[in-house]
Amino acid sequence: MMAYIARRLLAVIPVLFGLTLIVFFIMALIPGDPATAILGSYATPENVERLNRQLGLDRSLPEQYLIWLGNLMQGDLGRSYSLNRPVLDEVTERFGATLILAGTSLLLCSILGLLAGVVSAVRQYGLTDKIVTFAVLIGISTPSFWLGLLLILVFAVQWRLFPASGMYAIYGGGDLPDLLRHLFLPAVTLSVVATGVIARLTRTAMLEVLRQDYIRTARAKGLHESRVIWRHAFKAALVGVIPVIGIQAGFVLGGAVYIETVFQWPGIGSMLVTAISTRDLLLVQGGVLVVAAAYVLFNLLADVAQTLLDPRLR
Amino acid sequence: MAVASAPPKARRTTPWSLLARNQLAVAGLAVVVAVCLIALAAPILPLADPDATAPANRLLPPGTPGHPLGTDALGRDLMSRLIWGARVSIAVGLSATLIAAFFGSLIGLVAGYAGGRVDNWLMRGIDMVMAFPYILLALAIVAVLGPGLLNALYAIAIVNVPFFARNIRGITLGLARREFVDAARLSGKGHARIVLTEVLPNVLPVIVITMSTTVGWMILETAGLSFLGLGAQPPQADLGSMLGEGRRVLFTDPHVSIVPGLAILVLVMGINLLGDGIRDVLDPRLKSGALSRPVARTAVLRGAAPEAPAHPGAVLELQGLETQFHVGGSVYRAVGGVDLHLQPGECVGLVGESGSGKSVTAMSVMGLVPTPPGRIAGGAAWLEGTDMFAMTDEDVRLRRGRDVAHVFQDPLGTLHPLYTVGDQIVEAIQAHAPLPRRDAEAKARDLLALVRIPNPGERMAAYPHELSGGMRQRVCIAMALANDPKVLIADEPTTALDVTVQAQVLTLMDRLRRDRDSAILFITHDFGVVSAICDRVAVMYAGRIVETGPTEAVLAAPAHPYTDRLIACVPVLGDPDRRLDAIEGRPPVVNALPRGCAFADRCPRVRDDCRAADIALIDRGNGRAVRCLFPVDAPETGHD
């Protein structure tokens, strides 16, 4: 088992390497001259040339990439010109907030999605199944950013149950209950779509598993039906659903872009939107890279969890 | 016990009529068509100029004369903006889908058709792109290209290419090795032509499914980019950017953002409903409508039930058992009135071809026939004088595994792949005996030793896939014996095994029933196995017993022509000249049984009388009975 995990960890390295390649070359495709973009269109040619040399832009692309990669290894993601601070500092600061939001959402959508999927499959064609199926349909068809606005209107403006924005109260906040109060609405909003997707797939997986011969065996043994469902069917269905949860990590991390903007959550998503509109490309680069790496690690976790569950994969 | 509604009818129909029968898909189609028609008609509808600002009329509430949905912060008519915006959103979503479908399918087709190194490289690239969170990649692309509707469209299209490439590659890979593609290649067609004329038509359904299930996403995602201000730029508006503008006045005038959001929801929901409908129609696995799960116990829906068992001493007696499958309006009478009894310690063989109803008979006893579509439609199963079909679910559950245990065919599929065999046996023990874990484990080890598994202590920790077929079957038998059942129902327990292992398993079962006095109902299609272990035998054909009697007597002088032919099918060692007659013809389909004898069409001795009326099981004394008017051992008299 440990050997398997070590193998999977090693396999992650080329993927991470690929991520840096894609991120670097996407940024290299930018039309126009970054130095001009930074200095403005009134810059003298000498200044542009000096900055180009400073930025290493006078070298060939592969050379630039290797230099960039070397810096990256040392934790140097460059300097954000709009914030005038190292990209790494800004990104790590904000990544914590994103991880709290995305992690909570992932937890929420996994629990709710799995539960809804199992109940829906066990009560197939029943009222519960129909309600869940309909709720799932609405969930996956709703623009999450719009849902966020609606929740703000209802829960923050009308009923004043939760704060409308931010991560902590400006005065007197900062403790865990305060964080949870601020976290509730954005986390729920962010988890809706993923909950729908997971519920749907869990339902299908459960229906598939419940037809298997080993479920008949479990029943023939005289096991209680709840044990048949949860210990026998659910575990087998989970093996198929876990990779989907891994993929949902990507949707949650990406969807955080909208939700952080709507709720003014100080995470990487809202940072990226601002950075794109101010054309602070180094900041975009750093943010994308970190979130993508987090996604790869989430998928690694999902892989390991799947292998722990299914001895045939070892 | 309620019966869940039957799965969709499986008649041969066109895709369109299948789609039309799916009410939700039709509703989705109606919404999509309505929205698209309104959006297309925008130029000819009597709408205000969507971009004409009117500061005096700013933020009018919905319902204002002239502005049915009100106005936005610049006094622009929301109704008009909504329709024009929907037009943009739909156009962008569709274009992105088409672009993604085109390039994705192209990559998928090339990778799948070429295979080998090309496939490897292309898929590596696709995997690399998929390693990014989807929305993030779109954002990075927009960051590079700069904000704008067209750039947002490209970004969304690019991030969706991998979905198409992967799906289409999977199908193409299978098709590229098929005969018709080889044939086209041999006929000298070029690769491009083969892909376009032979492969593409076959992957088209997959492309359509992928399109119909992703177009909703693409509309949502482009709206999202516009919402963030990275898509449509003013004065141009799509639904997303309207939402973004509305957000600025959210607290004072929520209608400005609620209206476009609702429009997106309705549109995307319609598309998703339609997409699911299309997928259900085109996905062959779902087409059969077979994806309904069996409930915990077979539904019992019978009229008058037998009042008392006919063999009071029997440990198990089936009386007039009828089990049916209701599939799409037709009724399959899998078991059509079976009488069978087992004395304590007795082994009875239930013999027949596959499809004769022997397994269904066996599974009916403890309610293990899948419902839907199965149901018990008549008769009784007396377990020591109590009717199993009249019991509550909980009472049936308590008797499963404790009084009646099953050994099923195919031990790989019947053992849970994710639990060790030790865990599974322990579970069987603890289901009926409140033993502590340690004692249950000790008992499980003893059971494994009993069925002659070497190193039982070690094997406890093995998973089913780590054991050989024979070992797995022994585990199943050990599990069935966990609670010393009164009846053991063994459904072809040796069919999946090779001959030596088969002999060992048979010896084992024979010894077990003598030691423990369990009755065994042994289901098989093999008379060789029957002669080795069974005291009595019952031969089944088309859901009914056609002959029954003591094993030696039946083997020595079969009465029913069918039994006669079945016995003739058993190869005899050292007698190579013996003809191995497969029985000609097929058994009748049990949803259209003939009047009279079901074997008539395959019977060499058939007369007109055989087809005239139902034939009863005729008692012939000495425990023998036969359902035949002209038995084999009777002199052939009465010829006209």
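The model shown is predicted, which means the values in this text are computed figures rather than measured ones. All residue numbers here refer to positions counted from 1 along the written sequence of the relevant chain. Here the convention is simple: chains get letters from A, ligands get numbers from 1, in the order in which they are written. Local features in this predicted model are restricted to residues whose pLDDT is 70 or higher, and side-chain atom pairs enter the listing and the counts only when it is 80 or higher, whereas totals over whole chains, interfaces and linings include all residues. Excluded from the side-chain calculation are hydrogens and water; included are all heavy atoms of the structure.

J.: Help me understand the overall build of chain A in this model?
T.: Think of it this way: any DSSP run of H or I at least four residues long counts as a helix, any run of E at least two long counts as a strand, and we number them from the N terminus. For chain A, the helix and strand inventory stands at 12 helices and two strands. The order of helices and strands in chain A, counted from the N terminus, is α-α-α-α-β-β-α-α-α-α-α-α-α-α. The buried share of chain A, taken over its 314 residues, is 51%. For chain A, long-range pairs separated by at least 24 residues make up 71% of all intrachain contacts whose partners lie at least 6 apart in sequence. Between the mean site of the 24 positive side-chain charges and the mean site of the 19 negative ones, chain A shows a separation of 15 Å. Exposure categories follow from relative accessible area, calculated using a 1.4 Å probe and restricted to protein chains: below 20% of the type maximum is buried, above 50% is exposed, and the middle band is partly exposed. Here, residues are in contact when the closest pair of their heavy atoms is within 4.5 Å. None of His or the chain ends enter the tally, which takes Lys and Arg as positive and Asp and Glu as negative. Charge positions are represented by NZ for Lys, CZ for Arg, CG for Asp and CD for Glu.

J.: Which parts of the structure should I look at to understand the overall build of chain B?
T.: Secondary structure assignment for chain B yields 22 helices and 13 strands. By the compact-globule yardstick of 26 Å for 640 residues, chain B is too spread out, its C-alpha radius of gyration being 34 Å. With the principal axes as the frame, chain B shows a C-alpha extent of 105 × 70 × 60 Å. A burial count over chain B gives 52% of its 640 residues as buried. For chain B, restricting intrachain contacts to residue pairs at least 6 apart in sequence, the fraction spanning at least 24 positions comes to 67%. Each accessible area value is a Shrake-Rupley result obtained with a 1.4 Å probe; residue values ignore everything except the protein chains displayed when judging cover. Of the roughly 27,800 Å² of accessible surface on chain B, 59% is carried by carbon and sulfur atoms. Computed over 59 positive and 60 negative side-chain charges, the inter-centroid distance for chain B is 5 Å. For the radius of gyration, the atoms used are the C-alpha atoms, and the globule rule reads 2.2 Å times the number of residues raised to 0.38.

J.: Explain the packing of helix α3 (residues 78-114) of chain B against helix α4 (residues 116-130) of chain B here, please?
T.: The axes of two packed helices give the description: the angle between them and the distance between them. Residues and elements named next belong to chain B. Angles here are taken between N-to-C directions and fall from 0 to 180 degrees, while the axes themselves are lines fitted to C-alpha atoms, restricted in helices to the stretch in contact. Running from N to C, α3 and α4 point in directions that differ by 145 degrees, and their axes come no closer than 7 Å. Crossing angle aside, the handedness with which α3 passes α4 is left-handed. Facing α3, whose interface residues are Ile107, Val110, Ala111, Gly112 and Ala114, α4 presents Gly116, Val118, Asp119, Leu122, Met123 and Ile126. Charged means Asp, Glu, Lys or Arg here, nonpolar means Ala, Val, Leu, Ile, Met, Phe, Trp, Tyr, Cys or Pro, and polar covers whatever is left, Gly included. Across the contact of α3 with α4, the residue classes break down as eight nonpolar, two polar and one charged. Crossing chirality is assigned from the near helix's rotation relative to the far helix, an anticlockwise turn below a right angle marking it left-handed and a clockwise turn marking it right-handed.

J.: What am I meant to see in the pairing of strand β10 (residues 536-541) of chain B here?
T.: Within a regular beta strand, the side chains point alternately toward one face of the sheet and then the other, so they alternate between its two faces. All names here are of chain B. Judged by how many residues are buried, β10 sits mostly within the fold: six of six residues are covered. Burial along β10 is two-sided: Arg536, Ala538 and Met540 and Val537, Val539 and Tyr541, pointing in opposite directions, are all buried. Sheet topology places strand β4 (residues 347-351) next to β10; four bridges connect them, and they run parallel. When the bridges of β10 are listed, leucine 350 appears paired with alanine 538. Two elements, β10 and strand β11 (residues 544-550), share six bridges in a ladder whose sense is antiparallel. Residue pairing across strands places valine 537 opposite glycine 549, the latter belonging to β11. The criterion for strand pairing is that DSSP finds at least two bridges linking the strands in question.

J.: Just to check I follow, could you spell out the sheet that holds β11 of chain B for this structure?
T.: Whenever strands of a sheet pair, they do so through backbone hydrogen bonds, lying parallel or antiparallel. Residues and elements named next belong to chain B. The strand order β7-β8-β9-β4-β10-β11-β13-β12 describes an open sheet built from eight strands, whose pairing is mixed. Only two strands of the sheet have a single partner each, and these edge strands are β7 (404-407) and β12 (618-621). Sheet twist, expressed as the average angle between the axes of neighbouring strands with direction ignored, equals 20 degrees. Bridge analysis of β11 against strand β13 (residues 624-626) gives two bridges, and the strand direction is antiparallel. Within β13, the residue paired with threonine 548 across the bridge is alanine 625. The strands that helix α18 (residues 469-480) touches are β7 and β8 (487-491); relative to β7, the one it contacts most, it runs at about 175 degrees. Sheet strands in contact with helix α19 (residues 499-516) are β4, β8 and β9 (519-524), and its direction is about 155 degrees off that of β9.

J.: In this structure, what is going on with the side chain of threonine 71 of chain B? I would like to understand it.
T.: Residue and element names in this part refer to chain B. With respect to the helices, strands and loops of the structure, threonine 71 is situated in the loop between α2 (23-40) and α3. Pairs of N or O atoms within 3.5 Å make up the polar contacts considered here, provided that, within protein, one atom can donate a hydrogen while the other can accept it, and that residues adjacent in sequence are counted only when both atoms are side-chain atoms. For threonine 71, the side chain forms a polar contact with the main-chain nitrogen of leucine 59, separated by 3.1 Å. Apart from the residues lying within four places of it in its own chain, the contact partners of threonine 71 are Asn57, Arg58, Leu59, Leu60, Arg76, Asp77, Leu78, His255 and Val256.

J.: I tried to follow the packing of aromatic side chains on my own but got confused; where do I start?
T.: Think of it this way: a Phe, Tyr or Trp ring, Trp meaning its six-membered ring, pairs with another when their centres are within 6.5 Å, and the plane angle makes it stacked under 30 degrees, edge-to-face over 60, tilted otherwise. According to the stated counting rule, one finds 19 aromatic pairs over all chains in the structure shown. Aromatic pair phenylalanine 162 of chain A and phenylalanine 184 of chain A: ring centres 4.4 Å apart, planes at 15 degrees, arrangement stacked. Taken together, the residues span a long stretch of sequence, with phenylalanine 162 of chain A in the loop between α7 (144-158) and α8 (176-210) and phenylalanine 184 of chain A in helix α8 at a distance of 22 residues. By way of ring pairs, the aromatic residues Phe17, Phe24, Phe25, Tyr65 and Trp68 of chain A are connected into one cluster. Two thresholds decide whether a charge sits over a ring: the Lys NZ or Arg CZ must be within 6 Å of the ring centre and within 35 degrees of the ring normal. Taking the ring centre of phenylalanine 630 of chain B as reference, the NZ or CZ of arginine 607 of chain B above it sits at 4.2 Å.

J.: I'm lost on the interface of chain A and chain B in this one. Help?
T.: Put simply, an interface is often sized by how much accessible area is lost when its parts join up. Taken together, the 80 residues of chain A in the interface contact 75 residues of chain B. When chain A packs against chain B, the two sides together hide about 7,000 Å² of surface, and 71% of this comes from carbon and sulfur. Among the residues of chain A in contact with chain B, Trp146, Lys221 and Tyr258 of chain A are the three that bury the most area, contributing 10% of the side total. Between Lys or Arg on one side and Asp or Glu on the other, a salt bridge is scored when a side-chain nitrogen of the former is within 4 Å of a carboxyl oxygen of the latter. Remark: the boundary between chain A and chain B carries four salt bridges. Of the charged contacts in the structure, one is a salt bridge between arginine 200 of chain A and aspartate 276 of chain B, with a shortest N-O distance of 2.4 Å. Counting every contact that joins chain A to chain B gives 23 residue pairs in polar contact (both at pLDDT 80 or more). Throughout, buried area stands for the accessible area (probe radius 1.4 Å) lost by two parts on being put together, summed over both.

J.: Looking at this structure, how should I read helix α4 (residues 61-73) of chain A?
T.: Side chains three or four residues apart in an α-helix point the same way, a direct result of the helix having 3.6 residues per turn. All names here are of chain A. By this rule, a helix spans an expected 1.5 Å times one less than how many residues it contains. In this model, α4 (13 residues) spans 18 Å end to end at C-alpha, consistent with the 18 Å of a helix rising 1.5 Å per residue. Those residues of α4 lying buried are Gln64, Tyr65, Trp68, Leu69 and Leu72. Within α4, the buried residues cover an arc of 130 degrees as seen down the axis, which keeps them to one side. Facing away from the buried side of α4 by over 90 degrees, the exposed positions are Leu66 and Met73. On its buried side, α4 packs onto α1 (2-28) and α12 (281-309). Trailing α4 by a residue or two, glycine 75 shows a phi angle of about 80 degrees, which is positive. This arc describes the spread of directions from the helix axis toward the C-beta atoms.

J.: How should I be thinking about the domain arrangement of chain A in this particular structure?
T.: Residues and elements named next belong to chain A. The domain limits used here are those given by an automatic or database domain assignment. Segmentation of chain A into domains returns domain 1 (2-73) and domain 2 (88-313). Relative placement of domain 1 and domain 2: their C-alpha centres are 32 Å apart. Interface of domain 1 and domain 2: buried area, both sides summed, is about 1,300 Å²; carbon and sulfur atoms make up 81% of it. A salt bridge links arginine 8 to aspartate 303, with the shortest nitrogen-to-oxygen separation between them at 2.6 Å. Summed over the shared surface of domain 1 and domain 2, the result is three residue pairs in polar contact (both at pLDDT 80 or more). If you tally residues by element for the side of domain 1 that touches domain 2, the top one is α1, at 12 residues. Grouping the constituent residues of the side of domain 1 that touches domain 2 by class yields 13 nonpolar, one polar and one charged.

J.: Any chance you could explain helix α12 (residues 358-365) of chain B here in plain terms?
T.: The buried count for α12 of chain B comes to seven of eight residues, which makes it a mostly enclosed element. Taken together, the buried positions of α12 of chain B are occupied by Lys358, Val360, Thr361, Ala362, Met363, Ser364 and Val365 of chain B.

J.: I'm lost on unusual backbone geometry in this one. Help?
T.: A negative phi holds for most residues other than glycine; trans holds for most peptide bonds. Residues and elements named next belong to chain B. The step from threonine 371 to proline 372 runs through a cis peptide bond, and the omega angle for that step is -10 degrees. Examined against the element boundaries, proline 372 turns out to sit in the loop between α12 and β5 (374-383). The residue after proline 372, namely proline 373, is reached through a cis peptide bond having omega 10 degrees. The topology assignment puts proline 373 in the loop between α12 and β5. A positive phi angle, close to 45 degrees, is found at aspartate 484, a residue other than glycine.

J.: Just checking my understanding: could you explain the environment of alanine 116 of chain A for this structure?
T.: All names here are of chain A. With respect to the secondary-structure elements, alanine 116 resides in helix α5 (residues 87-122). In this structure, the C-alpha to C-alpha distance between alanine 116 and aspartate 129, residues 13 residues apart in sequence, is 8.6 Å. Those residues in contact with alanine 116 that lie beyond four places of it in its chain are Val132 and Ala199.

J.: When you look at the packing of α3 of chain B against helix α6 (residues 149-175) of chain B in this model, what are you seeing that I'm missing?
T.: Residues and elements named next belong to chain B. With their axes 5 Å apart at the nearest point, α3 and α6 run at an angle of 35 degrees to one another. In this structure, α3 crosses over α6, and the sense of that crossing is right-handed. Considering only residue class, the contact of α3 with α6 consists of 20 nonpolar, eight polar and one charged.

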